[in-house]
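Reading the structure
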Amino acid sequence: MAYSEEFWAWVYSHIRENPYDLRLRWAGKYPWIDDAVMQVECRQRTARKLSDELKCHTFRFPTLLSAEQSTSDELAAFHASLLPSGIKVLDMTSGLGIDVLHMARHGESVTAVDLDERLVDALRHNADALGLLDKVTAVCADSTEFIVRTEERFDAVFIDPARRSADGGRVFNLADCRPDVTSLLGAIFSVAPTLIVKASPMLDLTQTLRDLPGTKALYVVGTGTECKELVAVVEKSRPEDSVPTITIWTPAYTFSFTTVEERESEAFYCVPKAGDYLYEPSEVTMKAAPWRTLCSRFGVGMLHPNSHLYCSTDRIEGFPGDRWHIDRVVPFASSELKRFARQYPKINVAVRNFGWTADKLRDKLRVKDGGDLRMIATTLQGGGKVMFVLSKD
């Protein structure tokens, strides 16, 4: 359908209203009203993650699901940065096309393939509205058939396989995703020498490297509080015995290491005291698991092999996670538990390798979450249990 000025004027005049109420009040008044309400709802749901696209007044969402499942501008810009500018890229699972648009902005010429004609039509419209139509070719096709029959050759292929089975259940193994990239490696490398795979953060890193031989770099991508995805850069000509780089990537920091470095690094242990610093790896770092490497790179000591907490007497910069000042070290003893609430009626409770949940410990201490202080209860190398009262450094 044509998207008239009247259509877009209605969308922006109701942009802050409740979509459910809009559907009830405006049902049947215009032939395009359902689509217009969907544009309002999609804009509300993606206002933060798609701020670049939504600067375009006529950016079009073809379905609500495509908006919910789309990657963010921040992550799409990261994906595009993995490619040299000015190359030819094939995106085998373009979806809403946020990655496509960012690659086009980055200078690539992108052929975008998707099975859903609604998504393909919307991508053509949005590429045109954003002034990128000369960089984007949108194709409605099964990408697994497309790479077999195409005579084109590309510099790189990008793929984000769907992580749901035919019955709608979530899947996490690469071989269970659609399409199965592990069975398509030969076909993909017949049209391009480089493959970039965006995959679930639930995947095991070691298994992912086995599934994708030729991986040059594996990125564990996320924010400071959440692991969002794994991204593998795979090369056709990569020697089988080469060692891939594993990189923790967040908007705030990056940290790279190899499995060889991790294996050869030596861990050492420490017993923290008041006045020291405690280091808590981020969720992204926890996923990458560079436990010994953190010791050797930063000179910080482990508390216990299973606690994944570190400490130092001096303030260390650049650690991929949070740094806390240790205000007190409280033994885990009944006498201390009884008087803890009198000193800290409000404190944010967490546990690591402790044997209790945070809720159980909070109830036992009779404290409430809140305030500026944090308490982490954990187990030390010798088996003793302690509670650290921490302030943000």
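Here goes a summary of the coordinates provided. The shown structure was predicted, so the numbers you read here are calculated from the model rather than taken from an experiment.

Examining the packing of helix α2 (residues 19-26) against helix α3 (residues 33-46)
Orientation of α2 relative to α3, taken along the N-to-C sense of each, is 170°, at an axis distance of 10 Å. If you check the angle between α2 and α3, you find them roughly antiparallel. As for how α2 packs across α3, the hand of that crossing is right-handed. Every residue of α3 that contacts α2 at P19, L22, R23 and W26 is listed here: I33, V37, M38, V40, E41 and Q44. When grouped by side-chain class, the residues that make up the contact of α2 with α3 number seven nonpolar, one polar and two charged.

A look at the packing of aromatic side chains
The tally for this structure, following the rule as stated, stands at 20 aromatic pairs. A centroid spacing of 5.4 Å and a plane angle of 85° characterise the contact between W10 and W26, whose relative ring orientation is edge-to-face. Of the two residues, W10 is situated in helix α1 (residues 5-13) and W26 in helix α2; the sequence distance between them amounts to 16 residues. Among the residues examined, W26 registers a relative accessible area of 18% and is labelled buried. Measuring from centroid to centroid gives 5.1 Å for F59 and F61, while their planes differ by 70°, and the two rings are edge-to-face. Linked through ring pairs, Y3, F7, W8, W10, W26, Y30 and W32 together constitute an aromatic cluster. In this arrangement the basic side chain of K385 is found over the ring face of F354, its NZ or CZ atom lying 5.1 Å from the centre. Here K392 stacks its cationic end above the ring of W324, 4.6 Å away from the centre of that ring.

Looking at the sheet that holds strand β13 (residues 321-331)
Ordered by their spatial adjacency, seven strands build an open sheet running β11-β12-β10-β13-β16-β15-β14, and the pairing between neighbours is mixed. Two strands close off the open sheet at either side, each with one partner strand: β11 (301-302) and β14 (348-352). Lying over the sheet, helix α14 (residues 334-343) contacts β13, β15 (374-379) and β16 (385-392), oriented at roughly 120° with respect to β13. The strands that helix α15 (residues 358-365) touches are β14, β15 and β16; relative to β14, the one it contacts most, it runs at about 130°.

Quick notes on the state of the cysteines
Evaluated as defined, the whole model comprises one disulfide. The disulfide partner of C270 is C311, and the gap between their sulfur atoms is 2.1 Å. With C270 in the loop between α11 (259-264) and β10 (277-281) and C311 in strand β12 (residues 310-312), the pair connects residues that are 41 residues apart, well separated along the chain. Note on C270: relative accessible area 18%, which makes it buried. Note on C311: relative accessible area 4%, which makes it buried. In this model C56 remains outside any disulfide bridge; the closest cysteine sulfur is found in C42, 15 Å from its own. The thiol sulfur of C177 is not disulfide-bonded, and the nearest other cysteine sulfur, from C227, lies at 15 Å.

Regarding the pairing of strand β6 (residues 215-222)
In terms of residue burial, β6 counts as a mostly covered element, since seven of its eight residues are buried. With seven bridges joining them, β6 and strand β7 (residues 227-235) adopt antiparallel strand pairing. Within β7, the residue paired with Y219 across the bridge is V231. Counting the residues that bridge the hairpin from β6 to β7 gives four residues.

What about the environment of G131?
In this fold, G131 is placed in the loop between α7 (117-129) and β3 (136-140). A residue is classified by how much of its surface remains accessible, and G131, at 56% relative accessible area, is exposed.

Observations regarding the pairing of β13
Sheet analysis places β10 next to β13, joined by five bridges and oriented antiparallel. Along β13, the bridge assignment pairs Y279 with R323.

Topic: the pattern of salt bridges
Enumeration over the complete set of coordinates arrives at 26 salt bridges. A salt bridge links R45 to E41, with the nearest nitrogen and oxygen atoms 2.8 Å apart. You can see R45 and its partner E41 sitting in helix α3, four residues apart, about one turn around the helix. Note that D52 and K55 form a salt bridge whose closest N and O atoms lie 4.0 Å from each other. In this structure D52 comes out as partly exposed when scored by relative accessible area, which is 29%. One network of salt bridges, with partners in common, ties together R23, E41, R45 and E68.

Thoughts on the nonpolar core
With 47 residues, the main nonpolar core has L195 and Y310 as its most contacted residues. The residues contacting L195, other than those within four sequence positions of it, are V157, I159, V181, L185, I188, F189, A232, V233 and V234.

Quick look at the environment of L54
Here L54 lies in the loop between α3 and α4 (64-69). Note: C-alpha distance between L54 and A104 (50 residues apart in sequence) is 17 Å. The contact partners of L54, leaving out residues within four places of it in the chain, are R43, T46, A47, F59 and F61.

Some points on the sheet that holds strand β4 (residues 156-159)
If you trace the nine strands from one edge of the open sheet to the other, you get β3-β2-β1-β4-β5-β7-β6-β8-β9, paired in mixed fashion. The strands lining the two open edges of the sheet, one partner per strand, are β3 and β9 (254-258). Across the sheet, the mean angle from the axis of one strand to that of its neighbour is 15°, orientation sign disregarded. Two elements, strand β1 (residues 88-91) and β4, share three bridges in a ladder whose sense is parallel. Residue D91 lies in a different strand from β4, and its bridge partner there is F158.

Conventions and cut-offs
Residues numbered from 1 in each chain as written. Predicted model: local features only at pLDDT ≥ 70, side-chain atom pairs only at ≥ 80, totals over all residues. Heavy atoms only, no water. Axes fitted to C-alpha atoms, helices over the stretch in contact; angles between N-to-C directions. Helix = DSSP H or I, 4+ residues; strand = E, 2+ residues; numbered from the N terminus. Parallel < 35°, antiparallel > 145°, perpendicular 65-115°, else oblique. Left-handed = near helix turned anticlockwise from the far one by under 90°. Contact = heavy atoms within 4.5 Å. Nonpolar A, V, L, I, M, F, W, Y, C, P; charged D, E, K, R; others polar. Phe/Tyr/Trp six-rings, centres within 6.5 Å; stacked < 30°, edge-to-face > 60°. Buried < 20%, exposed > 50% of the residue type's maximum accessible area, 1.4 Å probe, protein only. Lys NZ or Arg CZ within 6 Å of the ring centre and 35° of its normal. Pairing = 2+ DSSP bridges. Disulfide = S-S within 2.5 Å. Salt bridge = Lys/Arg side-chain N within 4 Å of Asp/Glu carboxyl O. Core = buried A, V, L, I, M, F, W, Y, C linked by side-chain atoms within 4.5 Å.

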